[in-house]
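# Residue-level structure breakdown
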Amino acid sequence: MAAEIIMPKLGVDMQEGEIIEWKKQEGDEVKEGDILLEIMSDKTNMEIEAEDSGVLLKIVKGDGEVVPVTQVIGYIGAAGEVVETKETSSQVSPASQEDSPASVEKTPATSSPAVAAAPQGSGKVRATPAARRTARELNIDLSQVPGTGANGRIHQDDVEDFKAAQPKATPLARKMAADKGIDLAGVSGTGFDGKIVKEDILAVLETSKPAEEKTAAAPVEKAAELPEGVEVIKMSAMRKAVAKSMVNSYLTAPTFTLNYDIDMTEMIALRKKLIDPIMEKTGLKVSFTDLIGMAVVKTLLKPEHQYLNASLINDATEIELHKFVNLGIAVGLDEGLLVPVVHGADQMSLSEFVVASKDVIKKAQTGKLKAAEMSGSTFSITNLGMFGTKTFNPIINQPNSAILGVGATVATPIVVDGEIAVRPIMALCLTIDHRIVDGMNGAKFMVDLKKLLENPFELLI
């Protein structure tokens with residue numbers, strides 16, 4: 001029996017996914033583990049593997065469609081199986097309608113799967129048992145077969161002749177033709193060996209439109225009305241996801257931001273001493289983001305700062321306190337923003353954290369993140385310092401209760417022991433969800449974090 005391909009639920013917050021591209025087409029052979037399609041989920045592209053081997057019998061949802069999780073998007077089964085779904089139950093032969101709405105019939109592997117046209121009437125088709133059996137095997141709608149027997153009774157030869165006269169077409173093209181009432185006999189196929197493909201059906205539909213309908217339906221005409229130098233582009237799936245999450249966070253959480261200056265003198269000195277030994281151990285260069293991340297983790301573990309490492313749940317009626325730290329690290333891409341997560345950061349040494357953070361950041365940059373690597377954060381950091389940004393108000397990565405923004409480190413004259421000195425000063429910006437954390441508690445967190453960053457050798461203790 002054919003196996004369903006469903007839109008997977010790849011994270012607790014995932015409600016729907018957008019199909020970016022099917023890598024296999026109807027009729028293609030599929031092996032377990034093959035990449036079936038690519039979807040957009042939680043702002044990242046995900047490749048979905050086949051869980052069964054067989055033939056891709058039917059694609060229910062095509063490229064560009066947004067599908068709720070757990071909804072069927074296709075079927076895999078044995079070669080020649082024909083899948084009947086609720087959408088196509090009115091298009092199968094009366095013989096197959098005796099089965100359930102999700103029934104599957106088998107035909108020889110050499111036959112071409114086809115979608116039969118809808119029966120013309122509600123009366124029972126007159127046909128011999130051999131004709132019915134052959135129709136099932138060849139997936140032929142008996143209501144479309146002219147009968148040569150008495151009173152129009154259909155014989156086996158009638159079915160076979162009807163099949164021989166049918167033009168070659170892909171299953172999708174047959175379904176589209178049946179839905180639109182197009183006679184395939186009048187369609188010129190541009191596929192291999194003259195096979196009719198989807199594009200051929202679309203071309204027929206386009207040419208059959210009345211001239212006034214084409215003019216009214218063509219959005220291209222509006223482009224000519226735009227002022228010179230203006231271009232309208234479609235928002236990418238990732239950009240849509242970013243927009244949705246940002247609006248949700250901005251409109252949901254009443255926030256405020258605390259700004260602190262950090263003297264990075266000791267941190268810069270420590271990093272210089274750590275670069276070579278960590279490089280030798282991991283093959284990776286320790287960054288300031290790594291060191292700041294570890295400082296954040298250690299500060300969050302203090303019991304007095306538990307609300308900075310918390311989430312609101314159950315319609316904001318309960319607070320979920322975390323005894324661990326899963327640190328989200330914002331990564332900016334040309335297409336949008338991702339927040340990969342270093343899970344169990346509180347259990348890692350500095351070297352382990354460097355490896356883990358570099359791994360998820362690289363996956364984010366190359367579109368290889370798994371759903372689990374984008375969910376479950378308890379606190380997040382975002383660094384715009386490398387772009388020269390001095391200070392900003394980051395938006396919280398829901399459902400976290402806070403996010404730390406890291407600004408640029410700038411040589412700044414300050415007063416040290418009563419005298420003017422130039423020190424490397426970095427700005428930190430903590431945005432807090434005021435529903436969970438008050439200003440005093442946020443300030444206490446920043447005081448402890450500032451102390452650790454300005455005395456960073458404690459990170460190694």
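The name an unreviewed UniProt entry gives the chain is Dihydrolipoamide acetyltransferase component of pyruvate dehydrogenase complex, with Streptococcus ratti FA-1 = DSM 20564 as the organism. In its Sequence similarities (unreviewed entry) section, the UniProt entry covering the chain states "Belongs to the 2-oxoacid dehydrogenase family." Reading the Cofactor (unreviewed entry) entry of the UniProt record for the chain gives the comment "(R)-lipoate".

An order of 11-20-19-18-14-17 is seen for the six strands of this open sheet, with the pairing classed as mixed. The outermost strands of the open sheet, each flanked by one partner alone, are strand 11 (255–263) and strand 17 (341–342). Pairing of strand 14 (residues 327–329) with strand 18 (residues 379–383), which is carried by three bridges, proceeds in the parallel orientation. Each bridged residue has a counterpart across the sheet, and for Ile329 the counterpart in strand 18 is Ile381. The strands touched by helix 9 (residues 288–300) within the sheet are strand 14, strand 18, strand 19 (402–416) and strand 20 (419–433), with strand 18 carrying the most contacts at an inclination of about 155°.

If you look at the biggest cluster of nonpolar residues, it comprises 55 residues, and the most contacted ones within it are Phe379 and Leu404. Within the second largest apolar cluster, 17 residues are counted, among which are Ile5, Ile19, Leu36 and Leu56.

The subject of this paragraph is the side chain of Ser377. One can find Ser377 in the loop between helix 10 (350–366) and strand 18. Within the structure, the side chain of Ser377 is placed 3.4 Å from the side chain of Asn397, a separation counted as a polar contact. Among all residues touching Ser377, those that are not within four sequence positions of it are Asn326, Gly328, Val341, Asn397 and Asn400.

Turning our eyes to something else, we now look at the sheet that holds strand 3 (residues 29–30). On the basis of which strands lie adjacent, the open sheet formed by four strands has the order 1-8-6-3 and antiparallel pairing. Edge positions in the open sheet fall to strand 1 (3–6) and strand 3, since each of these has one partner strand only.

Okay, helix 7 (residues 237–252) next. Between the first and last C-alpha of helix 7 there are 22 Å, a value that for 16 residues agrees with the 22 Å anticipated at 1.5 Å per step. Considered for burial, the residues of helix 7 that qualify are Ala237, Met238, Val242 and Ser249. Angular distribution of buried residues about the axis of helix 7 spans 140°; they occupy a single face of the element. Exposed and facing more than 90 degrees away from the buried side of helix 7 are Lys244, Tyr250 and Leu251.

This part takes up the packing of helix 9 against helix 10. Running from amino to carboxyl end, helix 9 crosses helix 10 at an angle of 115°, the nearest separation of the two axes being 10 Å. For the crossing formed where helix 9 meets helix 10, the hand is right-handed. Across from Asp290, Leu291, Gly293 and Met294 in helix 9, the residues of helix 10 making contact are Leu350, Phe353, Val354, Ser357 and Lys358. Grouping the amino acids of the contact of helix 9 with helix 10 by side-chain chemistry returns five nonpolar, two polar and two charged.

Turning our eyes to something else, we now look at the side chain of Thr289. In this structure, Thr289 sits in helix 9. The residues contacting Thr289, other than those within four sequence positions of it, are Ile329, Ile381 and Asn383.

Summed over the entire model, instances satisfying the criterion amount to one aromatic pair. With centroids separated by 6.0 Å and ring planes inclined at 45°, the aromatic side chains of Phe379 and Phe445 adopt a geometry described as tilted. Remark: Phe445 occurs in helix 11 (residues 439–454) and Phe379 occurs in strand 18; sequence separation between them is 66 residues. Both residues of the pair, Phe379 and Phe445, count as buried.

In this structure the tally under the stated criterion is 10 salt bridges. Residues Asp448 and Lys302 are paired through a salt bridge, measuring 3.8 Å at the closest nitrogen-oxygen approach. Here Asp448 is found in helix 11, whereas its partner Lys302 is found in the loop between helix 9 and strand 12 (310–313), with 146 residues between them in sequence. Owing to a relative accessible area of 35%, Lys302 belongs among the partly exposed residues under this scheme. Residues Lys363 and Asp359 are paired through a salt bridge, measuring 3.6 Å at the closest nitrogen-oxygen approach. In this pair, Lys363 and Asp359 are both assigned in helix 10, four residues apart and thus about one turn of the helix distant. Among the residues examined, Lys363 registers a relative accessible area of 22% and is labelled partly exposed. A relative accessible area of 37% means that Asp359 is categorised as partly exposed.

Moving on: the environment of Ser41. Mapping Ser41 onto the fold places it in strand 4 (residues 35–41). Note: C-alpha distance between Ser41 and Glu16 (25 residues apart in sequence) is 7.4 Å.

Moving on: a nonpolar patch on the surface. The grouping of Val247, Tyr250, Leu251 and Ile395 at the surface amounts to a nonpolar patch, some 440 Å² of accessible area in total. The exposure class of Tyr250 is exposed, given its relative accessible area of 62%.

The next point concerns the pairing of strand 20. Two faces belong to every sheet, and in a regular strand the side chains alternate between them. Here strand 11 runs beside strand 20; their pairing, made up of nine bridges, is antiparallel. Note that in strand 20 the partner of Thr255 across the bridge is Asp433. Strand direction decides the pairing type here: strand 19 and strand 20, joined by 13 bridges, are antiparallel. The residue of strand 20 that forms the bridge with Ile414 is Ala421.

Conventions adopted
Residues numbered from 1 in each chain as written. Predicted model: local features only at pLDDT ≥ 70, side-chain atom pairs only at ≥ 80, totals over all residues. Heavy atoms only, no water. UniProt positions renumbered as here; feature names shortened; annotations may be inferred. Pairing = 2+ DSSP bridges. Helix = DSSP H or I, 4+ residues; strand = E, 2+ residues; numbered from the N terminus. Contact = heavy atoms within 4.5 Å. Axes fitted to C-alpha atoms, helices over the stretch in contact; angles between N-to-C directions. Core = buried A, V, L, I, M, F, W, Y, C linked by side-chain atoms within 4.5 Å. Buried < 20%, exposed > 50% of the residue type's maximum accessible area, 1.4 Å probe, protein only. Polar contact = N/O pair within 3.5 Å; in protein donor to acceptor, adjacent residues only side chain to side chain. Expected span 1.5 Å × (residues − 1). Arc of directions from axis to C-beta. Left-handed = near helix turned anticlockwise from the far one by under 90°. Nonpolar A, V, L, I, M, F, W, Y, C, P; charged D, E, K, R; others polar. Phe/Tyr/Trp six-rings, centres within 6.5 Å; stacked < 30°, edge-to-face > 60°. Salt bridge = Lys/Arg side-chain N within 4 Å of Asp/Glu carboxyl O. Patch = residues over 30% accessible without salt bridge, like charges linked within 9 Å, V, L, I, M, F, W, Y side chains within 5 Å. Areas by Shrake-Rupley, 256 points an atom, 1.4 Å probe, with all protein chains shown as cover.

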